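Descriptive structure summary
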Amino acid sequence: MAAPVGDIGLIGLAVMGQNLILNMNDKGFTVVAYNRTTSKVDHFLANEAKGTKVVGAWSIEELCAKLKRPRKIILLVKAGPAVDSFIEQLIPHLEPGDIIIDGGNSHYPDSIRRTKELEAKGFLFVGSGVSGGEEGARHGPSLMPGGSPAAWPAIKEIFQKTAAQVNGEPCCDWVGETGAGHYVKMVHNGIEYGDMQLIAEAYDILKRGLGLHEDEIADIFTTWNKGVLDSFLIEITANILRFKDDDGEPLVTKILDQAGQKGTGKWTAIAALDAGMPVTLIGEAVFARCLSGLKEERIRASKVIAGPQKEAFKGDKKQFIDDLEQALYASKIMSYTQGFMLMRETAKELNWNLNYAGIARMWRGGCIIKSVFLGDITSAYQKNQNLESLLFDDFFNKAAHKAQPGWRRIVAQAVLWGIPTPAFSTALAFFDGYRSEIVPANILQAQRDYFGAHTFKVLLGKENAKLKAGQDIHINWTGRGGSVSASTYSA
Ligand code: 2AM
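These remarks concern the structure in this document. (Residues numbered from 1 in each chain as written. Predicted model: local features only at pLDDT ≥ 70, side-chain atom pairs only at ≥ 80, totals over all residues. Heavy atoms only, no water.)

Successive side chains on a regular strand alternate, one facing one side of the sheet and the next facing the other. The side-chain alternation of strand E2 (residues 31–34) yields two buried faces, one formed by Val31 and Ala33 and the other by Val32 and Tyr34. Sheet topology places strand E1 (residues 8–11) next to E2; 4 bridges connect them, and they run parallel. When the sheet's bridge partners are listed, Gly9 is paired in E2 with Val32. Taken together, E1, helix H1 (residues 15–26) and E2 constitute a β-α-β crossover, and its handedness is right-handed. With 2 bridges connecting them, E2 and strand E3 (residues 55–56) associate as parallel partners. (Buried < 20%, exposed > 50% of the residue type's maximum accessible area, 1.4 Å probe, protein only. Helix = DSSP H or I, 4+ residues; strand = E, 2+ residues; numbered from the N terminus. Pairing = 2+ DSSP bridges. Right-handed = clockwise from strand over helix to strand, strands pointing away.)

Next comes the structure, spelled out in structure tokens:
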């Protein structure tokens, strides 16, 4: 057989796979293409890949034979059993050190498992988040590879050249060990839910609160897109608001207010609950979609539950719109603060060395949440890799402080109007909780001890003969009962 020619192989010729192949081909790499239904290989070579260097393979064996060593094979197939099935089929044709890359939408526990299983057999595994949809895959996605660190030097050039570039820097870097790539992609999607919800709430406030028309709101978003909120989602929302149906009405006003979801936001919220991290904004964004789903019930409720009397806005509109920009910005800072807190906690639990500056850089281009803002997050983590949270960074600390008055006015006004702002509100509640030395968890602990003898610890500086430092204390609150376990100090 002729010498292997392929720099990398790709299995799965759906649109994402085809586009990624064409992208890698454009960047000068020879890609070997394979698909379970091999007629798609013929079709691809005869059409989209016509005139390129792309090489076809009609069996797994042929695919492996055509690849240079160490082999690098990307799977872009349906997440779940299809990935495991291809890994199994590939193994007999691989040699130690070969690399299997899963670029699909896998859940990170699967990537953790696959890394371990493949490494035990002498192979390397990479689970890579791929973001940016079909367009990103074709012209430059955000790529988030994690897994076996030894694989990175072998795939780095291909990945970084294929990824989107911002200011000459690739939106791709090594994320971390085992399932870190897919984990970070999951958090990316959760953050995307949050960003979208914040924009939807801003629209609602401008529409129902200020009574503005879609065209006016679009202009506001276009202005915002030149400032701190400069991002893909703000930009497309302005375009969406300007888009007219045939009768001249904004099309968006005709769209059923019931949001779908594929589950990655929910995964992030579940991961946050599992990790015990207050990722409240993404949680609210997921729940807001759930509430939107109750359309029929909301219609019935709207007939019998009245809100506050609608009053026309009497204040300074320009000031209000500036406040709203600050509220959106500050809420976004809270959401990313929470997302990075979650990644930090998970990294601690799973022994990952996460590259936080790199993660923000990977998200700066190529993907749905791309924004100028992510450049500031990159800088924050470049200055201090071990940043406890973004709010300890000088830039974000100042930005949140500056935004605070306007942000509070917006949330307060929305509450008075009866316009729901779950994301804005939870962001502010998080901010106020996070900056509180004392939170009312003393009451919770007292209640828990009262009804369940769950014990509490004494506040530093409030110790006395009864309340001893560091001890698990139980108080007989009622003078009745009060038996406690031997391990507990009973005051
Ligand atoms: P197909 O063209 O043979 O259906 C997106 O669906 C990609 O995933 C396609 O390349 C598809 O292959 C592949 N795919 C989906 N389910 C699969 C399975 N169970 N086994 C192998 N490939 C699968």
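So, about the sheet that holds strand E7 (residues 142–147). Strand order in the open sheet formed by 8 strands is E3-E2-E1-E4-E5-E6-E7-E10, with mixed pairing between adjacent strands. The sheet is open, and its two borders are formed by E3 and strand E10 (176–177), each paired with just one other strand. Of the pairings in the sheet, the one linking strand E4 (residues 72–75) to strand E5 (residues 99–102) comprises 4 bridges and is parallel in character. Paired with Ile73 across the two strands is Ile100, which belongs to E5. In this fold helix H5 (residues 108–120) packs onto E5, strand E6 (124–131) and E7, with an angle of close to 155 degrees to the strand it touches most, E6. (Contact = heavy atoms within 4.5 Å. Axes fitted to C-alpha atoms, helices over the stretch in contact; angles between N-to-C directions.)

Inspection of the secondary structure puts Ser111 in helix H5. Look at Ser111 and you get buried, because its relative accessible area is 0%. Excluding its chain neighbours within four sequence positions, the residues that come into contact with Ser111 are Ser106, Phe125, Gly127, Thr178, Gly179 and His182.

Taken together, the side chains of Phe243, Leu251 and Ile255 make up a nonpolar region of the molecular surface, amounting to roughly 290 Å² of accessible area. Checked against the element boundaries, Ile255 lands in the loop between helix H10 (232–242) and helix H11 (264–275). Overall, Ile255 belongs to the exposed group, its relative accessible area being 54%. (Patch = residues over 30% accessible without salt bridge, like charges linked within 9 Å, V, L, I, M, F, W, Y side chains within 5 Å. Areas by Shrake-Rupley, 256 points an atom, 1.4 Å probe, with all protein chains shown as cover. Salt bridge = Lys/Arg side-chain N within 4 Å of Asp/Glu carboxyl O.)

So, on to the packing of helix H8 (residues 180–209) against H11. H11 packs onto H8 with a crossing angle of 105 degrees between their chain directions and a minimal axis gap of 8 Å. Overall, the two elements H8 and H11 adopt an arrangement that is roughly perpendicular. Taking contact as the criterion, the partners of Tyr183, Met186, Val187, Asn189, Gly190 and Tyr193 in H8 are, on H11, Thr264, Gly265, Trp267, Thr268 and Ala271. In terms of residue class, the contact of H8 with H11 is built from 6 nonpolar, 5 polar and no charged. (Parallel < 35°, antiparallel > 145°, perpendicular 65-115°, else oblique. Nonpolar A, V, L, I, M, F, W, Y, C, P; charged D, E, K, R; others polar.)

Before going further, it helps to examine the site of the ligand. Neighbouring residues of the ligand: Gly12, Leu13, Ala14, Asn35, Arg36, Thr37, Lys40, Val77, Lys78, Ala82 and Phe86. Asn35 places a side-chain nitrogen or oxygen 2.6 Å from an oxygen atom of the ligand. At 2.4 Å from an oxygen atom of the ligand is found a side-chain nitrogen or oxygen belonging to Thr37. Considered class by class, the residues forming the shell around the ligand number 5 nonpolar, 3 polar and 3 charged. (Near = heavy atom within 4 Å. Polar contact = N/O pair within 3.5 Å; in protein donor to acceptor, adjacent residues only side chain to side chain.)

This part covers helix H17 (residues 394–417). Over its 24 residues, H17 runs 34 Å from end to end, which matches the ideal 34 Å to within 8%, given 1.5 Å per residue. Along H17, the largest kink reaches about 50 degrees and is centred on Gln404; proline Pro405 follows within four residues of it. Buried residues of H17: Phe396, Ala399, Ala400, Ala403, Gln404, Gly406, Trp407, Ile410, Val411, Ala414 and Trp417, and no others. Residues of H17 that are buried in the fold lie against H8, helix H14 (317–350), helix H16 (373–383) and helix H18 (422–434). At the N-terminal boundary of H17, the capping side chain belongs to Asp393, with an oxygen 3.1 Å from the backbone nitrogen of Phe395. Two residues or fewer past H17, Gly418 is found with a positive phi of approximately 80 degrees. (Expected span 1.5 Å × (residues − 1). Bend = angle between axes of the 7 residues up to and from the residue.)

Note that all results are geometric; they support no functional claim without further evidence.
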